[in-house]
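# Remarks on the overall topology
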Amino acid sequence: MNAHVQAPAAPVKTTCPYCGVGCGVLATPDGQGGAEIAGDTGHPANFGRLCSKGSALGETLSLDKRLLHPQVDGARTSWESALGTVAGSLRRIAEQHGPDAIAFYLSGQLLTEDYYVANKLAKGFLGTPHVDTNSRLCMSSAVAAHRRAFGSDTVPGCYEDLDEADLIVLVGSNTAWCHPILFRRMVDARAKRGTKLVVIDPRRTQTGEEADLFLGLKPGTDTALFSGLLAHLASTGSLDYRFVLDHTSGLDGALERARAIAPNVAATAAATGLSEADVARFFELFARTKRVVTAFSQGVNQSAQGTDKGNAIINCHLATGRIGLPGAGPFSLTGQPNAMGGREVGGLANMLAAHMHFAPEEVDRVRRFWGAPNIITGEGMKAVALFEAIERGKIKALWVMGTNPIVSMPRANQIRESLKGLDLYVVSEAVADSDSARATGKKTVLLPALAWGEKDGTVTNSERRISRQRSFLKAPGEARADWQIIADVAKRLGHAQAFAYSGTAAIFREHAALSAFENNGSRDFDLGGMSEIADATYAATPPLQWPLPKRGKGKTRLFADGQFYTFDKRARFVAVQAPALAQGVSEAYPLVLNTGRVRDHWHTMTRTGKSQRLSAHRAVPFVEVHPDDAAPLGLKEGDLARIATPHGTATLETMVTDAVRPGNLFAAFHWSAATASDARVGALVRGVPDPVSGQPELKATPAAIAAVPYRNRGFLLTRGEHGLPEGWWWARATIQGGSGLQFATQESSRAVALMMRGLFQGHDLAEYADHARGRYRCAVYESGRLVACLALGPAEARPGWEEAKALFAEAEPEPAARRSLLSGRAETASAGPTVCACHGVGVDVITGVIAAGAGTVEAVGAACKAGTNCGSCIPEIRKLLPEALARNAA
Ligand SMILES: Nc1nc2c(c(=O)[nH]1)N[C@H]1C(S)=C(S)[C@@H](COP(=O)(O)OP(=O)(O)OC[C@H]3O[C@@H](n4cnc5c(=O)[nH]c(N)nc54)[C@H](O)[C@@H]3O)O[C@H]1N2
Ligand SMILES: Nc1nc2c(c(=O)[nH]1)N[C@H]1C(S)=C(S)[C@@H](COP(=O)(O)OP(=O)(O)OC[C@H]3O[C@@H](n4cnc5c(=O)[nH]c(N)nc54)[C@H](O)[C@@H]3O)O[C@H]1N2
Ligand code: SF4
Ligand SMILES: [Mo]
């Protein structure tokens, strides 16, 4: 054999670091810091499929922008000194102000092992109860609803239920974009068994477009809808009285309340703004279909009444006995890859550990298990209250791990301001330029964490399935695993023995053992079967669902036997409150701002923002406005608009669409100070907490909108990143071969031409200018290589960038391409805005093949490949079909 031929690296089985679907990934390292990414056909969450984000993971692995060395107050330092600063400051603050002046803000993106060690240090050894997590903004209402109904935070069902349901009700969930692989399972079920899809969302999302019945209800009225449903089920004899009598309590009170809120179809329609016909159709479908899964996410959870919304849904499932059965049950879709793992370790401020809370015997049990000198005895502050306590100066030290609250918390500007008063602000981060890493306290410590592909441990997905994240890349720079960093600080605080872990397997064993400790079936969360797992077995462990008790069998579904975790083993109906709609809408703030996600970006974009494929679908921060609201304000598609709330402002590009209801706005919260000049949507959001769960309302803030008249608009494409002058509006996106800025400015085309000549002095500039009409184009070459390109026009005739982006992908464009960079007129047709991220297919190409005869999604795929890889764009392609055909016919 030729000695120079290297055996190809073996693929490593790992888990996608994005959403709670928890897809299995095969990563084959290329030996140069990158990896080939494929779906793992053996993983029961995805059977080999990956969505656009999962498929593009390989584009996010570069070390560009990574935090690779510890820093104290902006200066690079050694680990020794950084850890010494953290431990020393924590010790001093605890002595001076008490341990409860210290707070931790953790993340559902930490691995279970990281999370376990952080929770143990804070709650058992430092002795502060103030440990909360971004899961407060994500899952805490579902957790609270589960606990009220079941006595435990248990997700009863599993993904197979989606394959086996005859009706799937999606409440407040844009599944097609946010849990794409589960959505594909749902669509497959429809093809296979005729499963009906009902989507309940004030906004007609891509998920809503695919529904058999779309219910575009008034925001916040879900409790009325499900109260109406419960009343309807009772009055039409659709209840399962056997199940109700034997296994539940509280139906009478809940039903009485439901009837007071929405006694019948007509009242439900009036309360929700839906038509009576649609309400009746939904109620009948639900009443006559046994196999119903009601899946819900942020339209339910991120609400000032999120817990009641969850219980209103669960009530209907308990009343019909549809829980824990194949194809039936309420199903909370978790957002983050390890939202569930965080709940298991007790990362929320109202939990202690391993699904135990603060009953004296639970506190004592955890104390004994940990050998904890400073065990806490009660709940800590939840995220919103915790950040308010920082504003009031009650909290002196904050350690943020794996989350970017300066972007994702409501009232984000006030929070950024308040951090300045902290005596100690510690951020464990993977990137150096997240808004939270760039914020400062009186003393600021940045600790470089290993990222996906480098770290090792476990995550738990929406169906309670624990999967391994395995490392397949070398640790870069001086980055360390999050658990290691915490353990190093613990040792410096004198707790060496309790934190002497040899690796993640040792931590996992301890976590599993705690879950089984004095459990005997009293707690749902039990990993006793894994408490003595050998290192090698842990390393090789396949995806497994809990519970996994030492004795007895694990279960894919819970509660089919009607045994719940309340003291009398009965589930509880909850009497919910009538909807209280967005408070505070006034003449000054007449609209309601809803916020959420786009298909191809993940949260604050520190990872997906690196991928040119993922940055093409939605390249600028936008706000969706209904035509009825846009028209009187003179707002047109593409105009820049300033959204204002009492908490902050942002300037976003207008999308005029009847997908939102009149009076409603929708904006995605992905953009940060790192990626746009003025698009931090978190700064706008009020975040009124739900009274039970403390989860803030992120979907309904009173807001105003007005056009922002900029003189000129344009784009600048560069190989590296360039900044723009103060006062310009801009948004940055990664493009093939570099970085793209879309901008708006009050400067004239002449001034912009001067700026370009200044910026690129010494380069070859090819320019085209028509200053009389305010137009300017410029291409910058360096030894024949295209290094930058700018186009500018009056705001009402702003140049599109699709064609220039395609030309910029080539370092040395052909003469024809050079000409069209300056003329703005393509000699070949441009692809238009990207629809299919995997194959980079634009909307113009798709409408082109449809015009040429492709009449189905499959035919479009055959003609131009769009939609043939991950399928995340299939809903968008389907939507183009009738539109394009209609246009052809006209
Ligand atoms: N592409 C992508 N996928 C992701 C993520 C991402 O950042 N990007 N993040 C992951 C995470 S952490 C999470 S939590 C999930 C979130 O997943 P989803 O919950 O599906 O996402 P959102 O867009 O936040 O909100 C869902 C919908 O709630 C609707 N809504 C607003 N108000 C109401 C209401 O009063 N009633 C009802 N019924 N609906 C309402 C919104 O219009 C929105 O369409 O996504 C996960 N997956
Ligand atoms: N307006 C509005 N706000 C929202 C929401 C909404 O719908 N609307 N949704 C809320 C929800 S559901 C969620 S889940 C949150 C999400 O919001 P965040 O958690 O703030 O968002 P991310 O961008 O995922 O932040 C993760 C951070 O951890 C860093 N990181 C990545 N890997 C590692 C690692 O291994 N270790 C460490 N230490 N750091 C790492 C990343 O670089 C990034 O800065 O946003 C919430 N905020
Ligand atoms: S659905 Fe997409 S983002 Fe979610 S885990 Fe699977 S591949 Fe990752
Ligand atoms: Mo989330």
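These numbers were taken from a predicted model, which means no experiment stands behind them.

Further remarks concern the site of ligand 3. Looking at ligand 3, the residues that line it are Cys16, Tyr18, Cys19, Val21, Gly22, Cys23, Leu50, Cys51, Lys53, Gly54, Pro180 and Ile181. Using a 2 Å cut-off from the grid points, one finds that ligand 3 occupies the largest cavity. When residues of the shell around ligand 3 are traced back to their parent elements, those giving at least two are helix H1 (52–55) and helix H7 (180–193).

A few words now on the site of ligand 2. Near ligand 2 lie 31 residues; those nearest to it are Gln109, Ser408, Glu429, Lys455 and Thr604. Within the side chain of Gln109, an N or O atom sits 2.6 Å from an oxygen atom of ligand 2. A distance of 2.8 Å separates an oxygen atom of ligand 2 from a polar side-chain atom of Thr606. When contributions to the shell around ligand 2 are tallied by element, the ones reaching two or more residues are strand E15 (424–429) and strand E21 (591–596). In terms of residue class, the shell around ligand 2 is built from 10 nonpolar, 16 polar and 5 charged.

Another point: the pattern of salt bridges. The full count for this structure, using the stated rule, is 48 salt bridges. The shortest N-O distance in the salt bridge between Asp600 and Arg599 comes to 2.9 Å. A relative accessible area of 1% means that Asp600 is categorised as buried. Residue classification places Arg599 among the buried positions, given a relative accessible area of 1%. As a salt-bridge pair, Lys805 and Glu802 come within 3.9 Å of each other at their nearest N and O atoms. Taken together, the residues span about one helical turn, with Lys805 and Glu802 both in helix H27 (residues 802–808) at a distance of 3 residues. Like Glu802, Lys805 is buried. Overlapping salt bridges, with partners in common, bring together Asp364, Arg365, Arg367, Arg368 and Glu518 in one network.

A word on empty space enclosed by the protein. For the coordinates displayed, the defined rule picks out 2 cavities of 30 Å³ or more. Empty space within the largest cavity amounts to approximately 70 Å³. Secondary-structure elements contributing two or more residues to the lining of the largest cavity are H1 and H7. Of the residues that constitute the lining of the largest cavity, the class distribution is 9 nonpolar, 1 polar and 1 charged. Roughly 40 Å³ of internal volume is contained in the second largest cavity. Elements with a contribution of two residues or more to the lining of the second largest cavity: helix H9 (222–235), helix H11 (251–261) and helix H15 (306–319). For the lining of the second largest cavity, the element with the most residues is H9, which contributes 3 residues.

Looking now at the domain arrangement of the protein. Reports of interface size often rely on the accessible area that becomes lost once the parts have come together. Domain boundaries in the protein define domain 1 (12–60), domain 2 (71–138 + 347–545), domain 3 (140–332), domain 4 (591–707), domain 5 (712–823) and domain 6 (834–889). Of note, the centres of domain 1 and domain 6, computed from C-alpha atoms alone, are 25 Å apart. Between domain 1 and domain 6, the contact holds 4 residues from the first and 5 residues from the second. When domain 1 packs against domain 6, the two sides together hide about 250 Å² of surface, and 61% of this comes from carbon and sulfur. Our enumeration of links across domain 1 and domain 6 arrives at 0 salt bridges. Counting the contacts that link domain 1 with domain 6 gives 1 residue pair in polar contact (both at pLDDT 80 or more).

Moving on to the sheet that holds strand E12 (residues 292–296). Read across the sheet, 5 strands follow the order E10-E9-E8-E12-E13 without closing on themselves; strand pairing throughout is parallel. The sheet terminates laterally at strand E10 (213–215) and strand E13 (329–332), the two strands that pair on one side only. Averaged over neighbouring strand pairs, the angle between their axes works out to 15° when direction is ignored. Relative to strand E9 (residues 196–200), strand E8 (residues 167–171) runs parallel, the two sharing 5 bridges. Of the residues in E9, the one forming a bridge with Ile168 is Leu197.

With that settled, consider the environment of His771. Its place among the elements puts His771 in the loop between strand E30 (764–770) and strand E31 (775–782). Considering only alpha carbons, one finds His771 and Ser748, 23 residues apart in sequence, at a separation of 8.2 Å. Beyond its immediate stretch of four places on either side in the chain, His771 contacts Ser749, Arg750, Ala753 and Tyr776. A polar contact of 3.5 Å, which involves the side chain of His771, links it to the backbone nitrogen of Arg750.

Here the focus is the nonpolar core. Generally speaking, nonpolar side chains in soluble globular proteins are found buried as a group. Counting residues in hydrophobic clusters, the biggest one holds 99 residues, and the most contacted among them are Leu398, Leu419, Leu665 and Ile705. Ranked by residue count, the leading element in this core is helix H18 (residues 383–391), at 6 residues. Those residues in contact with Ile705 that lie beyond four places of it in its chain are Leu591, Val623, Val625, Leu633, Leu635, Ala641, Arg642, Ile643 and Leu665. Residues Phe104, Ala354, Trp370 and Leu548 belong to the second largest nonpolar core, which totals 68 residues.

Here strand E32 (residues 785–794) lies mainly inside the structure; 9 of its 10 residues are buried. Pairing analysis gives 7 bridges linking strand E27 (residues 712–718) to E32, with the strands arranged antiparallel. Of the residues in E32, the one forming a bridge with Leu717 is Cys789. Judged from the 7 bridges that link them, E31 and E32 form a sheet pairing that is antiparallel. Across the sheet, Ala779 pairs through a bridge with Cys789, a residue of E32. Counting the residues that bridge the hairpin from E31 to E32 gives 2 residues, and of these Ser783 lies at a positive phi of roughly 45°.

Relative to the helices and strands, Arg203 resides in the loop between E9 and helix H8 (206–209). Classification of Arg203 as buried rests on a relative accessible area of 9%. The contact partners of Arg203, leaving out residues within four places of it in the chain, are Asn174, Phe214, Asn594, Glu624, Ala659, Val660 and Phe666.

As a further point, take the sheet that holds strand E14 (residues 397–401). Spatially, the 7 strands line up as an open sheet ordered E5-E4-E16-E15-E14-E6-E7, and their pairing is mixed. Lying at the two open borders of the sheet, with one neighbouring strand each, are strand E5 (75–76) and strand E7 (131–133).

A separate point is the layout of surface pockets. What the second largest pocket holds in volume is close to 1,200 Å³. Lining the second largest pocket we find 43 residues, and of these His617, Arg618, Glu637, Met655 and Pro833 sit closest to its centre. For the lining of the second largest pocket, the secondary-structure elements that each account for two or more residues are H8, strand E22 (622–625), strand E24 (648–656), E27, strand E29 (738–745), H27, strand E33 (834–836) and helix H31 (874–889). Looking at the lining of the second largest pocket residue by residue, the classes come out as 17 nonpolar, 11 polar and 15 charged.

Running from N to C, H9 and helix H13 (residues 276–288) cross one another at 55°; their axes reach a closest spacing of 10 Å. Taken as axis vectors, H9 and H13 run oblique relative to one another. Here H9 runs over H13; the crossing is right-handed. Two secondary-structure elements touch here, H9 through Leu225, Phe226, Gly228, Leu229, His232 and Leu233 and H13 through Phe282, Phe283, Glu284, Phe286 and Ala287. Class assignment for the residues of the contact of H9 with H13 results in 8 nonpolar, 2 polar and 1 charged.

Our focus in this paragraph is the packing of aromatic side chains. How two aromatic rings sit relative to each other is given by the distance of their centres and the angle of their planes. Throughout the structure, instances matching the rule amount to 21 aromatic pairs. An angle of 75° between the planes, with centres 5.3 Å apart, marks the rings of Trp452 and Phe472 as edge-to-face. Highlighted residues: Trp452 in the loop between strand E16 (444–448) and strand E17 (457–460) and Phe472 in the loop between strand E18 (465–469) and helix H22 (482–492), separated in sequence by 20 residues. Of the two residues examined, Trp452 and Phe472, each falls in the buried class. Judged by centre distance (5.5 Å) and plane angle (45°), the rings of Phe508 and Tyr538 are tilted. Here Tyr538 lies in helix H24 (residues 535–540) and Phe508 lies in helix H23 (residues 504–516), a separation of 30 residues in the sequence. By the burial criterion, Phe508 is buried, and Tyr538 matches it. Taken together, the aromatic side chains of Phe150, Phe559, Phe564 and Tyr565 make up a single cluster linked through ring pairs. Between Arg203 and the ring centre of Phe666, over which it is positioned, the NZ or CZ distance is 3.5 Å. Stacked on the ring of Trp730, the Lys or Arg Arg732 has its end atom at 5.6 Å from the ring centre.

Reading guide: rules and limits
- Residues numbered from 1 in each chain as written.
- Chains lettered and ligands numbered in written order.
- Predicted model: local features only at pLDDT ≥ 70, side-chain atom pairs only at ≥ 80, totals over all residues.
- Heavy atoms only, no water.
- Near = heavy atom within 4 Å.
- 1 Å grid on protein atoms, 1.4 Å probe; cavity = no way out; pocket = protein on both sides within 12 Å on 5 of 7 lines; lining within 4 Å.
- Sits in = over half its atoms within 2 Å of the grid points.
- Helix = DSSP H or I, 4+ residues; strand = E, 2+ residues; numbered from the N terminus.
- Polar contact = N/O pair within 3.5 Å; in protein donor to acceptor, adjacent residues only side chain to side chain.
- Nonpolar A, V, L, I, M, F, W, Y, C, P; charged D, E, K, R; others polar.
- Salt bridge = Lys/Arg side-chain N within 4 Å of Asp/Glu carboxyl O.
- Buried < 20%, exposed > 50% of the residue type's maximum accessible area, 1.4 Å probe, protein only.
- Points joined across faces, edges and corners; volume = space filled by probe spheres on them.
- Domains from an automatic or database assignment.
- Contact = heavy atoms within 4.5 Å.
- Buried area = accessible area lost by both parts, 1.4 Å probe.
- Pairing = 2+ DSSP bridges.
- Axes fitted to C-alpha atoms, helices over the stretch in contact; angles between N-to-C directions.
- Core = buried A, V, L, I, M, F, W, Y, C linked by side-chain atoms within 4.5 Å.
- Parallel < 35°, antiparallel > 145°, perpendicular 65-115°, else oblique.
- Left-handed = near helix turned anticlockwise from the far one by under 90°.
- Phe/Tyr/Trp six-rings, centres within 6.5 Å; stacked < 30°, edge-to-face > 60°.
- Lys NZ or Arg CZ within 6 Å of the ring centre and 35° of its normal.

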